[in-house]
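Fold and contact review
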Amino acid sequence: MLVDVVPVGDVSAQVKRQASAALRSVYDCEVTIHESQSVPTGAHDEKRDQYRAEEFIELAGRIGSGAKNIAITPKDLFYRRRNYVFGLAYLDGKGSVISTYRLQTSSDGGFSNRSASDIFSDRVRKEVVHEIGHTMGLEHCDNKRCVMNFSPTVREVDVKEENLCGSCQRIVL
Ligand SMILES: [Zn+2]
Ligand SMILES: [Zn+2]
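Report follows, based on the coordinates. (Residues numbered from 1 in each chain as written. Chains lettered and ligands numbered in written order. Predicted model: local features only at pLDDT ≥ 70, side-chain atom pairs only at ≥ 80, totals over all residues.)

Structural notes on the overall build of the protein chain
Applied cut-off: For the purposes of this entry, the term helix denotes a DSSP run of H or I that reaches at least four residues, the term strand denotes a run of E that reaches at least two, and both are numbered from the N terminus. Only C-alpha atoms enter the radius of gyration; for comparison, a globular chain is expected to reach 2.2 Å times N to the power 0.38, where N is the number of residues. Three exposure classes are used. Buried residues have 20 or more other C-beta atoms within 10 Å of their own C-beta, exposed residues have 12 or fewer, and partly exposed residues fall in between, all C-beta atoms being placed from the backbone. What counts as a contact is two residues whose backbone-derived C-beta atoms lie within 7 Å of each other.
Tallying secondary structure elements over the protein chain gives 5 helices and 9 strands in all. In sequence order, the secondary structure elements of the protein chain are arranged as β-α-β-β-β-α-β-β-β-β-β-α-α-α. Scaling as 2.2 N^0.38, a compact globule of 173 residues should have a C-alpha radius of gyration of about 16 Å, and the protein chain matches this with 15 Å. Its C-alpha atoms give the protein chain principal-axis dimensions of roughly 40 × 35 × 30 Å. Taken over 173 residues, the protein chain has a buried fraction of 44%. Within the protein chain, contacts between residues at least 6 apart in sequence are counted, and of these 67% link residues at least 24 apart.

What follows is the structure in structure tokens.
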């Protein structure tokens, strides 16, 4: 399987590197980094001053060269009634997205001995693995350590690991 990472906006080399490393490690897939894209026109919601996640998924699915594709953006995303999302994907879809915007928030997860940069990298890794998991047909998992656990706040992201639990592995690997 090939996963294409599509940077949308100004995405750092660190983020691209961490995202591809995590995807390779968990799914044993090939990963390519697409040429950077500009933010889709029409994605910005003026009232909320946030960006519609669906537009990024559509872009990644349309221009990505992988069987699965994930947009990564520094823009703050929302979806329907949720105030913000770290990422979004449709079950068995071809495109997905994560936003690094809210992953930079300082940790309250009790890992203060680690640098902010390491904590941020881990969150990026977990979020890309999570969204690609959805595109492979995985739903949310009750196991709090599993990367497919639903994590609406960084605290929950910090608690989970970047790997799939045994049950999720049996479905996709
Ligand atoms: Zn999810
Ligand atoms: Zn699981």
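A short note on the pairing of strand β7 (residues 82-85)
Quick note on the threshold: Only when DSSP finds a minimum of two bridges between them are two strands counted as paired.
In this sheet, β7 lies alongside strand β6 (residues 77-79) in antiparallel orientation, the contact comprising 2 bridges. The partner of Leu77 across the bridge, within β7, is Val85.

Some remarks on the pairing of strand β1 (residues 2-7)
Keep this limit in mind: By definition, the crossover connecting two strands over a helix is right-handed if that path, from the first strand to the second, turns clockwise as seen with the strands pointing away from the viewer.
For β1, the tally of buried residues reaches 5 of 6 residues, placing the bulk of the element in the interior. In this structure, β1 lies alongside strand β2 (residues 30-33), joined through 4 bridges in parallel fashion. Bridge assignment links Asp4 to a residue of β2, and that residue is Thr32. Handedness of the crossover joining β1 and β2 through helix α1 (residues 13-27) is recorded here as right-handed. Judged from the 5 bridges that link them, β1 and strand β5 (residues 68-73) form a sheet pairing that is parallel. Counted as the bridge partner of Val5 is Ile70 from β5.

A short note on the sheet that holds β6
The strand order β3-β4-β6-β7 describes an open sheet built from 4 strands, whose pairing is mixed. Bordering the open sheet on either side are β3 (44-45) and β7, each of which pairs with just one other strand.

Considering the packing of α1 against helix α3 (residues 116-135)
Any two packed helices are characterised by how steeply their axes cross, that is the angle between the axes, and by the distance between the axes. Convention followed: Axes, fitted as lines to C-alpha atoms, cover a helix only where it is in contact. Angles between the N-to-C directions of the axes lie from 0 to 180 degrees. For classification purposes, an angle smaller than 35 degrees is called roughly parallel, one larger than 145 roughly antiparallel, one from 65 to 115 roughly perpendicular, and anything else oblique. Handedness of a crossing is defined here by the sense of rotation of the near helix relative to the far one, left-handed for an anticlockwise turn of less than a right angle and right-handed for a clockwise turn. Gly is placed with the polar residues, together with every amino acid not listed as nonpolar (Ala, Val, Leu, Ile, Met, Phe, Trp, Tyr, Cys and Pro) or charged (Asp, Glu, Lys and Arg).
Packing of α1 against α3 leaves a shortest axis separation of 8 Å and a crossing angle of 50°. As judged from the angle between their axes, α1 and α3 are oblique. Between α1 and α3 lies a crossing of right-handed hand. When α1 is examined against α3, the residues Gln14, Val15, Gln18, Ala19, Ala22, Leu23, Val26 and Tyr27 are found in contact with a partner set consisting of Ser121, Val124, Arg125, Val128, Val129 and Ile132. For the contact of α1 with α3, the residue count by class is 10 nonpolar, 3 polar and 1 charged.

Regarding unusual backbone geometry
A positive phi angle, near 50°, is found at Asp49, a position not held by glycine. Among the structural elements, Asp49 can be located in the loop between β3 and β4 (50-52). Residue classification places Asp49 among the exposed positions, given that 8 C-beta atoms sit within 10 Å. Here Asp92, not a glycine, exhibits a phi torsion of approximately 65°, which is positive. Looking at where Asp92 falls in the secondary structure, it is placed in the loop between β8 (87-89) and β9 (95-99). On the basis of neighbour count, Asp92 is assigned to the exposed category, with 11 C-beta atoms found within 10 Å.

Observations concerning the environment of Pro74
Looking at where Pro74 falls in the secondary structure, it is placed in the loop between β5 and β6. For the pair Pro74 and Leu103, spaced 29 residues apart in the sequence, the C-alpha separation amounts to 9.6 Å. If near-sequence neighbours (up to four positions away) are discounted, Pro74 is found in contact with Gly9, Asp10, Val11, Thr100 and Tyr101.

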